[in-house]
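# Fold and contact review
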Amino acid sequence: QVQLVESGGGLVQAGGSLRLSCAASGNILRVNTMAWYGQAPGNQRELVAIITSSGSANYADSVKGRFTISRDNAKNTAYLQMNSLKPEDTAVYYCNADLMQLAGVLRNYWGQGTQVTVSS
């Protein structure tokens, strides 16, 4: 069974930092694109950052220069380094990934989400 497990959320003061992790596990042949989405209360889930298997990354305008997405392909893990956090960054952050399973099936998966709360 394939799953994405996030960790690293929490409560932090404005200006602080957090590092989120997303580990893919199970019968995985290859992890393609990985991404982080944020969903604030009452809002839709929105793309925050995305990274290809070769390491090419893109960011939402609201986080450019503050957040950095990275990955360790050997560990099937993606990270989101969040610096200079603002109260408006408060959201549940979800990991998303395109995974090629051992059976040759490519599917998209979501993690369970991790809460990030930034106090002013």
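Use the structure listed above.
Now for a look at the structure at hand. (Residues numbered from 1 in each chain as written. Predicted model: local features only at pLDDT ≥ 70, side-chain atom pairs only at ≥ 80, totals over all residues. Heavy atoms only, no water.)

Grouped together as the largest cluster of nonpolar side chains are 29 residues, with contacts concentrated most on Trp36, Leu80, Met82, Tyr93 and Leu99. Contributing elements (two or more residues each) for this core: strand 3 (18–25), strand 4 (28–39), strand 5 (46–51), strand 7 (67–72), strand 8 (77–82), strand 9 (91–101) and strand 11 (114–119). Sort the elements by how many residues they give to this core and strand 9 lands first, with five residues. Ignoring anything within four residues of it in the chain, the contact list for Tyr93 reads Glu6, Leu20, Trp36, Tyr37, Gly38, Val48, Phe67, Leu80, Met82, Gly113, Thr114 and Val116. (Core = buried A, V, L, I, M, F, W, Y, C linked by side-chain atoms within 4.5 Å. Buried < 20%, exposed > 50% of the residue type's maximum accessible area, 1.4 Å probe, protein only. Helix = DSSP H or I, 4+ residues; strand = E, 2+ residues; numbered from the N terminus. Contact = heavy atoms within 4.5 Å.)

Moving on to the side chain of Arg71. Following the sequence through the fold, Arg71 ends up in strand 7. Notably, Arg71 is buried but unbridged: the nearest opposite-charge side chain belongs to Asp72, and the N-O separation is 8.2 Å. Engagement of the side chain of Arg71 in a polar contact is seen with the backbone oxygen of Asn32, the distance being 2.8 Å. A distance of 3.4 Å separates a polar side-chain atom of Arg71 from the backbone oxygen of Ile51. (Lys, Arg positive; Asp, Glu negative; His and termini not counted. Salt bridge = Lys/Arg side-chain N within 4 Å of Asp/Glu carboxyl O. Polar contact = N/O pair within 3.5 Å; in protein donor to acceptor, adjacent residues only side chain to side chain.)

Before going further, it helps to examine unusual backbone geometry. Despite not being glycine, Asn76 has its phi angle at roughly 50°, a positive value. Mapping Asn76 onto the fold places it in the loop between strand 7 and strand 8. Unusually for a residue other than glycine, Ser84 sits at a positive phi of about 50°. Along the polypeptide, Ser84 turns up in the loop between strand 8 and strand 9.

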